[in-house]
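Structural description and commentary
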Amino acid sequence: MKTRRNLNTLPDKQTVVTIGTFDGVHIGHQKIIKRLINTGKEEGLQSVILAFFPHPRMVLQKDSNIKLINTINERHNILYNLGLDYLVIKKFTQEFSRLSAEDFVKEILVDKLNAKKVIIGYDHRFGRNRNADINDLKTFGETYGFEVEEISAQDINDVAVSSTKIRTALIAGEIHKANAYLGYNFMLTGKVKKGKGLGKELGFPTANIEIEEDYKIIPKQGSYIVSSMIKDKLVYGMMNIGMNPTVNGSRQTIEVHFFDFDEDIYEDTIKIDLLHRIRDEEKFESVEALKGQLAKDKDTALEYISNQNAE
């Protein structure tokens, strides 16, 4: 897969295109993308996703507090593994949002992307004020020489998944539901930074994960069972998202205690897969009580991992 942020750098080949933000690249998105890729192979077309970033709501609704399931790099990596030919990331701006529907079709789909076919959902809207729909797109297709394939309501509803449902599940701490909707494990990607060393004092040294992208959604505070590929090795652990109230923490942190792992990974960027939620964050009466709970959490995590690996 090739990634392009400049629409002038695409090859002069005919394409099959789908359009959207694709936040989460969930199982509903994957169904559309597989159809896109298969169509490209069958009809000798380059498969292209035209994705917008930032999310349009971030640009058009300044008070929007929307958080995204994937960072742009996470989304890129997921799409890369699906077998797409091109990911085109179009910067979404106020100026771009004012482009008329026909100008968008002519200037972007036809002149830049060389679209021979467009695959789109029955309810897709586009152009200034989102005033054009799939029927308008089909009319433009007749004018400019491309075919429109409509993804039916039944096809979309059969999956019954949306990025909004996934965000709601994550905020509620329902990690199993979110992972089922995604078709893969929800991930957090960040750089390992030195913390205060409290975990080490408790006998559970932690890697403190700092996530650069402030638009990335963070699941409900609490303890989670996690895994990570570190230096080509699969490592399991338990992660706490929260304020560390027992030791009077003043800000939310993301800390991971890895099992059977003792390598220097400070300043490394790592991806953490969330597998299972153990419990809510609690304020304990003492540091000793916290240590006791961490030991129980570790036992819970090891049993869960053992059961999963036995399946």
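Placed above this text is the structure.
The structure reproduced in this document is the subject of the present report.

Taken in spatial order, the six strands close into a barrel running S7-S8-S11-S10-S9-S12, and their pairing is antiparallel. Across the sheet, the mean angle from the axis of one strand to that of its neighbour is 45°, orientation sign disregarded. Against the sheet, helix H9 (residues 175-182) engages strand S9 (222-230) and strand S12 (269-279), with an angle of about 130° to S12. Against the sheet, helix H11 (residues 287-310) makes contact with S9, strand S10 (233-242), strand S11 (253-258) and S12, and its axis sits at roughly 100° relative to S12, the strand it touches most.

What follows concerns the environment of Gly28. Within the element layout of this structure, Gly28 appears in helix H1 (residues 27-43). Note on Gly28: relative accessible area 13%, which makes it buried. Expressed as a C-alpha distance, the spacing of Gly28 and Ser162, which sit 134 residues apart in the sequence, is 7.4 Å.

All right, on to the pairing of strand S5 (residues 115-121) then. Of all seven residues making up S5, six are buried, and the element is well covered by its neighbours. Relative to S5, strand S2 (residues 15-20) runs parallel, the two sharing three bridges. Within S5, the residue paired with Val16 across the bridge is Lys117. Alignment of S5 against strand S6 (residues 147-151), held across five bridges, turns out to be parallel. The residue bridging Lys117 from the neighbouring strand is Glu147, located in S6. For the crossover from S5 across helix H6 (residues 134-144) to S6, the handedness is right-handed.

About the thresholds
Counting restarts for each chain, with residues numbered from 1 along the sequence as it is written. With pLDDT at 70 or above as the cut-off, local features in this predicted model cover only qualifying residues; side-chain atom pairs require 80 or more to be listed or tallied, and sums for whole chains, interfaces and linings still use all residues. Excluding hydrogens and water, the side-chain values take into account all heavy atoms of the structure. Strand pairing is defined by DSSP finding a minimum of two bridges between the two strands. Counting from the N terminus, the helices are DSSP H or I runs at least four residues long and the strands are E runs at least two residues long. Between N-to-C directions, angles span 0 to 180 degrees; the directions come from axes that are lines fitted to C-alpha atoms, helices contributing only their stretch in contact. Any pair of residues with heavy atoms lying within 4.5 Å of one another is described as a contacting pair. For the exposure calls, accessible area comes from a 1.4 Å probe over protein chains only, and a residue counts as buried if that area is under 20% of its type's maximum, exposed if over 50%, partly exposed in between. With the strands pointing away from the viewer, any crossover whose connection runs clockwise from the first strand over the helix to the second is right-handed.

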